[in-house]
Amino acid sequence: MINVLFAALPERWVTYEAPLTKAFNDLGLDVDLRIDFAPHEVDYIVYAPNSPLQDFTPYTRCKAVLNLWAGVENIISNPTLTQPLARMVDHGLSQGMREWVTGHALRHHLGMDLHIKGQDGEWRDYVPPLADDRRVTVLGLGELGMACAKALHGLGFPVTGWSRTQKEAEGITCLCGEEGLGKALSTADILVLLLPNTAATENLIDADALAAMPKGAFLINPGRGPLIDDEALLAALDTGQIAHATLDVFRVEPLPVDHPFWAHPNVTVTPHIASETRPSSASQIVAENVRRSENGEPLRFLADRSAGY
Ligand code: NDP
């Protein structure tokens, strides 16, 4: 019997118990899945951020912690966590992000607000450029960033991507390193942030970065709030350097009601819904990693503690 502890807030247990049970059964794994165990009995921990479990020290038998979210910033530097940590890479997560990012990019590209918000009897015959003439930059070319970069390229946008290590993708200009960042920002008519929250990425989008973008650019952030210097962004919105920011993630969530982003006419706030881990497909990823571990195979999607993601 393999003992799997589900360590997340109770409402998640309601949505995950059945799909996880099914996924373990489908792989023929003899699993006892529960929300309470004596720590020394636990073989694997399925973990979600905001879980009350913060001290991993008593989990002496635990072979791996399997995170239900793609971002691991809440757990990766926990000094009590010595077990391998896998993050979530899931078809549903990628598809949801692709749809959210392309939807918001097209909103800005096509100038949809002009007609949706401005239906006032005036015939405004603004014709948007073709996607060929709107350059998009995606910072972060991982599972989600690359999926979005490819989808945007497929729509006809010239796409530049930037990552820590050099990537290659047909039709996408792939850059890396500090010099690469300057180039990537200089062609960002639309900038999409899909970087993790690490010490190296915090405040990456500061006043200098915003000034390096073309005037009137659009910013779309489904990555993490701390990637952006909020004050610098508000200043850039006020001067028109940034025409509009669509923000899904924030330093403090829920975004406090008195935060200026809520009231700013050129900011769209969405409540961290760009993409959600889907219980059915994510459960299969978790179960497959348990199967691998039990068979002595390497785990998939291990987080790199030295890189912080
Ligand atoms: P990955 O780990 O697959 O990709 C991260 C990318 O960022 C990689 O290309 C990586 O480079 C790059 N990167 C990391 N650090 C740096 C750096 N210092 N300089 C340059 N590039 C860097 O993550 P995912 O694509 O799966 O997810 C990305 C983020 O999206 C998550 O960390 C999370 O914060 C966010 N997210 C948001 C959701 C939402 O609903 N809003 C839902 C899910 C995730 P390299 O390829 O060289 O390693």
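Every chain's residues receive numbers from 1 upward, in the order its sequence appears when written. Per-residue local features are limited, in this predicted model, to residues with pLDDT of at least 70; the limit for side-chain atom pairs, both in listing and counting, is 80 or more; totals at the level of whole chains, interfaces and linings are taken over all residues. Remark: hydrogens and water are excluded; side-chain values derive from all non-hydrogen atoms of the structure.

For the protein chain, the name recorded in an unreviewed UniProt entry is Glyoxylate/hydroxypyruvate reductase A, with Shimia gijangensis as its organism.

S.K.: Looking at this model, I keep getting lost on the sheet that holds strand 12 (residues 267-269). Mind explaining?
M.R.: Each strand in a sheet pairs with another by means of backbone hydrogen bonds, the pair being arranged parallel or else antiparallel. The strand order across the open sheet formed by 7 strands is 8-7-6-9-10-11-12, and the pairing between neighbours is parallel. If you trace the sheet from one side to the other, it starts and ends with strand 8 (172-176) and strand 12, each paired once. The sheet shows a mean angle of 15° between the axes of neighbouring strands, taken without regard to direction. Here strand 10 (residues 217-221) pairs with strand 11 (residues 242-247) via 5 bridges, running parallel. What sits directly across from Leu 219, in strand 11, is Ala 245. Strands strand 10, strand 11 and strand 12 of the sheet are contacted by helix 7 (residues 230-239), whose axis makes an angle of about 140° with strand 11. Should DSSP find at least two bridges between two strands, the strands are regarded as paired. The numbering of helices and of strands both runs from the N terminus, where a helix is a DSSP run of H or I of at least 4 residues and a strand a run of E of at least 2. As a rule, the C-alpha atoms of each element are fitted with a line to give its axis, helices using only the stretch in contact, and angles between N-to-C directions run from 0 to 180 degrees. Two residues qualify as a contact provided that any one of their heavy atoms is within 4.5 Å of a heavy atom in the partner residue.

S.K.: I would appreciate a short explanation of the sheet that holds strand 3 (residues 44-47) in the present structure.
M.R.: Read from one edge of the open sheet, 5 strands run 2-1-3-4-5, paired in parallel fashion. Looking at strand neighbours, the two that pair on one side only are strand 2 (31-34) and strand 5 (85-86), the edges of this open sheet. Each of strand 1 (2-7), strand 2 and strand 3 is contacted by helix 1 (residues 10-26), which is oriented at about 175° to strand 2, the strand it contacts most.

S.K.: Just to check I follow, could you spell out the site of the ligand for this structure?
M.R.: We call a residue near a given molecule or strand whenever any one of its heavy atoms falls within 4 Å of it. Around the ligand, a shell composed of 29 residues is seen, among which Arg 87, Thr 165, Lys 167, Ser 275 and Tyr 309 lie nearest. Any pair of nitrogen or oxygen atoms within 3.5 Å is treated as a polar contact; in protein, a donor-acceptor pairing is required on top of that, and neighbouring residues in sequence qualify only through side-chain atoms on both sides. Arg 87 places a side-chain nitrogen or oxygen 2.7 Å from an oxygen atom of the ligand. At a separation of 3.0 Å, an oxygen atom of the ligand approaches a polar backbone atom of Glu 143. Only the protein chains shown count as cover for residues, and the accessible areas themselves come from Shrake-Rupley with a 1.4 Å probe. For the ligand, whose unbound accessible area comes to 940 Å², protein coverage reaches 92%. Taken together, the elements giving at least two residues each to the shell around the ligand come down to helix 4 (143-154) and strand 7 (159-163). If one sorts the elements of the shell around the ligand by residue count, helix 4 sits on top with 3 residues. Three categories are distinguished: nonpolar for Ala, Val, Leu, Ile, Met, Phe, Trp, Tyr, Cys and Pro, charged for Asp, Glu, Lys and Arg, and polar for the others, with Gly belonging to the last. Tallied by class, the residues present in the shell around the ligand amount to 13 nonpolar, 10 polar and 6 charged.

S.K.: How should I be thinking about the pattern of salt bridges in this particular structure?
M.R.: For side chains of opposite charge, pairing can occur when their charged atoms come near one another. What counts as a salt bridge is simple: a side-chain nitrogen of Lys or Arg found within 4 Å of a carboxyl oxygen of Asp or Glu. Inspection of the entire model under this criterion finds 17 salt bridges. Across the pair Glu 179 and Lys 183 runs a salt bridge, and its minimum N-O distance is 3.6 Å. You can see Glu 179 and its partner Lys 183 sitting in helix 5 (residues 177-186), 4 residues apart, about one turn around the helix. Residue burial is assigned from relative accessible area. The probe radius is 1.4 Å, only protein chains are included, and a residue is buried under 20% of its type maximum, exposed over 50%, and partly exposed in between. Relative accessible area serves as the criterion here: at 47%, Lys 183 is assigned to the partly exposed category. The partner of Glu 297 in a salt bridge is Arg 291, and the shortest N-O contact between them spans 3.2 Å. The structure contains a network of salt bridges with shared partners spanning Glu 288, Arg 291, Arg 292 and Glu 297.

S.K.: How should I be thinking about the domain arrangement of the protein chain in this particular structure?
M.R.: Where interface size is given, it is often the accessible area lost as the parts come together that is meant. Bear in mind that the domain bounds are from an automatic or database domain assignment. Segmentation of the protein chain into domains returns domain 1 (2-90 + 277-294) and domain 2 (93-269). Computed over C-alpha atoms only, the centres of domain 1 and domain 2 are separated by 33 Å. Each partner contributes to the interface: domain 1 provides 10 residues, whereas domain 2 provides 6 residues. When domain 1 packs against domain 2, close to 650 Å² is buried across both sides, 50% of that on carbon and sulfur atoms. Buried surface area refers to the total accessible area, computed with a probe of radius 1.4 Å, that the two partners give up upon joining, counted for both partners together. The largest share of the area that domain 1 buries against domain 2 comes from Glu 73, Val 89 and Asp 90, three residues that together contribute 57% of it. Ionic pairing is found between Arg 224 and Glu 73, a salt bridge with its closest N-O pair at 2.6 Å. At the junction of domain 1 with domain 2, the criterion picks out 3 residue pairs in polar contact (both at pLDDT 80 or more). Among the residues making up the side of domain 1 that touches domain 2, the classes are represented as 4 nonpolar, 2 polar and 4 charged.

S.K.: I would appreciate a short explanation of the environment of Leu 130 in the present structure.
M.R.: With respect to the helices, strands and loops of the structure, Leu 130 is situated in the loop between helix 3 (112-116) and strand 6 (136-139). By relative accessible area, Leu 130 is classed as exposed at 59%. A C-alpha to C-alpha distance of 32 Å links Leu 130 and Phe 250, two positions 120 residues apart in sequence.

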